[in-house]
Amino acid sequence: MNERADRVPSISCVMPAYNEAVSLPGVVARTLAALRALSPRVELVVVNDGSRDATETVMRDLCTREPALRFVQLSRNFGKEAALSAGIAAARGEVVVLMDADGQHPVALLADMLRQWQQGVDVVYAVRRTREDQSALHRRLVAWFYGIVNWGGRVRIPRNAGDFRWMDRRVVDALLRLPERHRFMKGLYAWVGFPSVALDYEPLPRAAGQSHFGLMGALSLGTTGLFAFTAVPLRLLGLMGVLLAFSAMGYGLWVIVDYFLYGIDVPGYATLVVGMMFLSGVQLMSIGLLSEYVARIYDEVKQRPLYLVADEIGEGLSAGDTRTP
C-alpha cells in the first residue's frame, strides 16, 4: 500500500540566485502561487550567492511582505553548487524542490512532480528536450562529458538532467551527509540513488537579463564532475603507457632486424628528437592530470566549510508546519 497516495506534503523550494534582482519579483510570485496550488504549507528559500546587483535589497523587501519567503545571504560568491547545498540545508519541508531564479524552469511541471511523488517516487528530475539555445560546440562537449563520466561507472548520471527536481526528505537527508567540498550536484543526486523518474521539459525564456553560466562555466563544472565521479582519465593514461611501451619495443625490434638483415645504419637523430618531445608531452600531461586529482584531495583534507552564511531572514515553514498531520 502506498502511504503517499493523496497525501499533501509540506514543500520547500530552493532557489539559488546570482545577479537576478530584475527577475526575482516575478519569478518568486509565480513560484509561490504554483506551490500554494499544491499545498497549504510551503516555503521558498532564496540563496543569494554573492550577487553584485540589488538582489539582496530586492529579497529583503520581498521577505517583509511575504511570510513564506526565506532569504539566505552567503558571505561571498561560492558557486551554484555551494548555494544549492546551502539552500538544501536550510529547507524544512517534507519534500524539497530545486529551481533556478531566472524563470526558465516551468512551474507547470510541479503538479506532475507531486503526482509522481504520491505514487512512491522519491526523486523526480526534469530533462531538457533539446539544447538548441546552446552552441554546437557546447552541445558536443556535453555529449562527450556524459559519455566519459558514465563509461564503466557504477553510477549513471542521466543525460541532460539539470538541477530542476523534486526530492523526498530522505533523499535530502542523504545529500546532507555527503561531505565533499568539490561538489558536482548532478552526480551526487545520482549517487544517493532512491527510486527516480524523469520528466522532459522545454526551458522557458529567461525572465530578464542574460545567462551567467556560459561555456567556460560549463567546462569548469564538467571538469569537477569528471574528477569527482570517474577514474577514466587515469585509466586512459595507463593504457597509453602500455601502448607506448609496446610500440617502443616493436620499433626497437624493427631497428635491430633492419640493421642485421640489410646492414643499414638507421639515422636516428630525427626519430630521437621526435620521440623525446612526444614522450615529454605525454609525461607533462600525465603530471598535470595527476595534479588535478591531488589538488582536489588537498582541498578536501583542509576541511574548510563549503559556504558561509552571512545572514538569514524570513519565516517560511515553522517547526510545526513541516509534517503532515
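Residues numbered from 1 in each chain as written. Predicted model: local features only at pLDDT ≥ 70, side-chain atom pairs only at ≥ 80, totals over all residues. Heavy atoms only, no water.

S.K.: Summarise the overall build of the protein; cite the residues concerned and give the values.
M.R.: Secondary structure summary: the protein contains ten helices and eight strands in total. Burial statistics for the protein: of 325 residues in total, 43% are counted as buried. Partitioning the contacts of the protein with sequence separation of at least 6, the portion at a separation of at least 24 is 84%. Accessible area of the protein: about 17500 Å², with a carbon and sulfur share of 61%. (Helix = DSSP H or I, 4+ residues; strand = E, 2+ residues; numbered from the N terminus. Buried < 20%, exposed > 50% of the residue type's maximum accessible area, 1.4 Å probe, protein only. Contact = heavy atoms within 4.5 Å. Areas by Shrake-Rupley, 256 points an atom, 1.4 Å probe, with all protein chains shown as cover.)

S.K.: Before we move on, could you go through a nonpolar patch on the surface and cite the residues and values that matter?
M.R.: Where nonpolar side chains cluster on the molecular surface, the patch consists of Trp151, Leu236, Leu239 and Leu243 and spans about 430 Å² of accessible area. Within the secondary structure, Leu236 is located in helix H9 (residues 232-262). (Patch = residues over 30% accessible without salt bridge, like charges linked within 9 Å, V, L, I, M, F, W, Y side chains within 5 Å. Salt bridge = Lys/Arg side-chain N within 4 Å of Asp/Glu carboxyl O.)

S.K.: Could you give me a rundown of helix H1 (residues 24-36), with the residues and numbers involved?
M.R.: Here H1 spans 18 Å end to end across 13 residues, near enough to the 18 Å set by a 1.5 Å rise per residue. Every buried residue of H1 is accounted for by Leu24, Val27, Val28, Thr31, Leu32, Ala34 and Leu35. All buried residues of H1 lie within an arc of 160° about the axis, which places them on one face of the element. In this fold, the buried residues of H1 make contact with strand E1 (11-17), strand E2 (42-48), helix H2 (55-65), strand E3 (69-74) and helix H4 (110-118). (Expected span 1.5 Å × (residues − 1). Arc of directions from axis to C-beta.)

S.K.: For the pattern of salt bridges, give the residues involved together with the corresponding values.
M.R.: Per the stated rule, a full pass over the model turns up 13 salt bridges. Among the salt bridges present, the one from Glu94 reaches Arg7, with a minimum N-O distance of 2.5 Å. One end of the pair, Glu94, is in the loop between helix H3 (80-90) and strand E4 (95-98); the other, Arg7, is in the segment before E1, and 87 residues separate them in sequence.

S.K.: Go over the sheet that holds strand E8 (residues 309-314), please, and point to the residues and values.
M.R.: Hydrogen bonds between backbone atoms are what pair the strands of a sheet, whose relative direction is either parallel or antiparallel. With respect to topology, eight strands assemble into an open sheet ordered E7-E5-E6-E4-E1-E2-E3-E8, the strand pairing being mixed. Two strands bound the open sheet, and with one partner strand each, they are strand E7 (196-201) and E8. The average undirected angle you get between the axes of adjacent strands in this sheet is 20°. Bridge analysis of E3 against E8 gives five bridges, and the strand direction is antiparallel. Looking at the pairing, Arg70 lines up with Gly314 of E8. Together, E1, E2, E3 and E8 form the strand contacts of H2, whose direction differs from that of E3 by roughly 155°. Docked against the sheet, helix H6 (residues 169-176) engages E4, strand E5 (123-128) and strand E6 (161-168), running at close to 115° with respect to E6. (Pairing = 2+ DSSP bridges. Axes fitted to C-alpha atoms, helices over the stretch in contact; angles between N-to-C directions.)

S.K.: Lay out the environment of Asp299 in plain terms, naming residues and giving numbers.
M.R.: Its place among the elements puts Asp299 in helix H10 (residues 269-302). Classification of Asp299 by relative accessible area gives partly exposed; the value is 27%. Taking the C-alpha atoms as reference points, Asp299 and Glu180, 119 residues apart in sequence, are found 9.5 Å from one another.

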